[in-house]
Amino acid sequence: MGPNVTAGDHQESPHPRLYLRPSALLWVFLGGICGTALRYWFEQMWPASGASWPWGTFAANLCGAFILGAALETLTLLGPDGGWRRHTRLFLGTGFCGAFTTYSALALEISTLTRNGFVVTGMVYALVSVAAGLAAALGGIATAARALARYAGGPE
């Protein structure tokens, strides 16, 4: 059995691998539709000009990093990856956050900024995006852990 398969999973689907299961693909697809729609809205609210900070992509990537950190921490603390937790991970983590955030647009915007003569802005954008994305993910993890501890009545 592969890393995505447990003994009970074979009864759930004829496909032994999670990524081959139609139900798993559907959860990712549905999350992707939602993430793409929100990403489009962010880009409409803050369009990139090629000469200034790409706020739409920056905001989407930071929000997505926070959401992903919070979601995965929550799901991990709530129990094993199965049932509704797996569906939530596939929908929110893989589908939604995968479509909402984008490394390719980040790379293109860095390239566009530097090609248009805004080398310092491009380099700062690259560094700040990575550092702030890491901080947002850690913030999501910490927020989820604190919220679950409070909900469960445990120590903060």
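Each value, and the rule that gives it
- Residues numbered from 1 in each chain as written.
- Predicted model: local features only at pLDDT ≥ 70, side-chain atom pairs only at ≥ 80, totals over all residues.
- Heavy atoms only, no water.
- UniProt positions renumbered as here; feature names shortened; annotations may be inferred.
- Helix = DSSP H or I, 4+ residues; strand = E, 2+ residues; numbered from the N terminus.
- Buried < 20%, exposed > 50% of the residue type's maximum accessible area, 1.4 Å probe, protein only.
- Contact = heavy atoms within 4.5 Å.
- Polar contact = N/O pair within 3.5 Å; in protein donor to acceptor, adjacent residues only side chain to side chain.
- Salt bridge = Lys/Arg side-chain N within 4 Å of Asp/Glu carboxyl O.
- Expected span 1.5 Å × (residues − 1).
- Phe/Tyr/Trp six-rings, centres within 6.5 Å; stacked < 30°, edge-to-face > 60°.

> Would you take a moment to explain the UniProt feature "binding site: Na(+)" (unreviewed entry) in the chain for this structure?
Feature annotation in UniProt assigns "binding site: Na(+)" (unreviewed entry) to the following positions: Gly98 and Thr101. Here glycine 98 shows up in helix H4 (residues 83–100). Among the secondary structure elements, threonine 101 is positioned in the loop between H4 and helix H5 (103–115). Given a relative accessible area of 24%, threonine 101 falls into the partly exposed group. Setting aside chain neighbours within four positions, we find threonine 101 in contact with Arg39, Ala60, Asn61, Gly64 and Ala65. In terms of polar contacts, threonine 101 uses its side chain to reach the backbone carbonyl oxygen of cysteine 97, at 2.7 Å.

> Which parts of the structure should I look at to understand the UniProt feature "transmembrane region" (unreviewed entry) in the chain?
As recorded in UniProt, the feature "transmembrane region" (unreviewed entry) lies at residues 24–42, 54–78, 90–111 and 123–149. Between the first and last C-alpha atoms of residues 24–42 the distance is 27 Å; the span itself is 100% helix and 0% strand. This span, residues 54–78, is 96% helix and 0% strand, and a straight line between its end C-alpha atoms measures 36 Å.

> Whenever I open this one, the pattern of salt bridges confuses me. Can you help?
Between side chains of opposite charge, pairing is possible as soon as their charged atoms come close. With the rule as written, the count across this model stands at three salt bridges. As a salt-bridge pair, arginine 39 and glutamate 43 come within 3.0 Å of each other at their nearest N and O atoms. In this pair, arginine 39 and glutamate 43 both sit in helix H2 (residues 22–45), four residues apart, roughly one turn of the helix. Residue classification places arginine 39 among the buried residues on the basis of a relative accessible area of 14%. In this structure glutamate 43 comes out as buried when scored by relative accessible area, which is 17%. The partner of aspartate 81 in a salt bridge is arginine 89, and the shortest N-O contact between them spans 2.7 Å.

> How should I be thinking about the environment of threonine 102 in this particular structure?
Mapping threonine 102 onto the fold places it in the loop between H4 and H5. Each C-alpha atom, one on threonine 102 and one on alanine 60, is 8.1 Å from the other, the two residues being 42 residues apart in sequence. When sequence neighbours within four positions are dropped, the list of residues in contact with threonine 102 reads Arg39, Thr57 and Asn61. Engagement of the side chain of threonine 102 in a polar contact is seen with the side chain of serine 104, the distance being 3.1 Å. Polar side-chain contacts of threonine 102 include one of 3.0 Å to the backbone nitrogen of alanine 105.

> How do you make sense of helix H3 (residues 55–78) when you look at a structure like this?
Two residues of an α-helix separated by three or four positions point the same way, owing to the 3.6 residues in each turn. With 24 residues, H3 extends 34 Å between its outermost C-alpha atoms, agreeing within 8% with the 34 Å of an ideal straight helix rising 1.5 Å per residue. Phi for glycine 79, located one or two positions after H3, is positive at around 145°.

> Explain the packing of aromatic side chains here, please?
How two aromatic rings sit relative to each other is set out by the distance from centre to centre and by the angle between their planes. Under the counting rule described, the total for this entry stands at ten aromatic pairs. An angle of 80° between the planes, with centres 5.1 Å apart, marks the rings of tryptophan 53 and tyrosine 125 as edge-to-face. In this pair, tryptophan 53 is assigned in the loop between H2 and H3 and tyrosine 125 in helix H6 (residues 119–152), connecting sequence segments 72 residues apart. When its relative accessible area of 17% is taken as the criterion, tryptophan 53 is described as buried. With a centroid separation of 5.7 Å and an interplanar angle of 85°, the aromatic rings of tryptophan 55 and phenylalanine 58 are classed as edge-to-face. Pair noted here: tryptophan 55 and phenylalanine 58 are both in helix H3, with a separation of three residues, about one helical turn. Given the relative accessible area of 12%, phenylalanine 58 is considered buried. An aromatic cluster of at least three residues, connected via ring pairs, comprises Trp41, Phe42, Trp46, Phe96 and Phe100.

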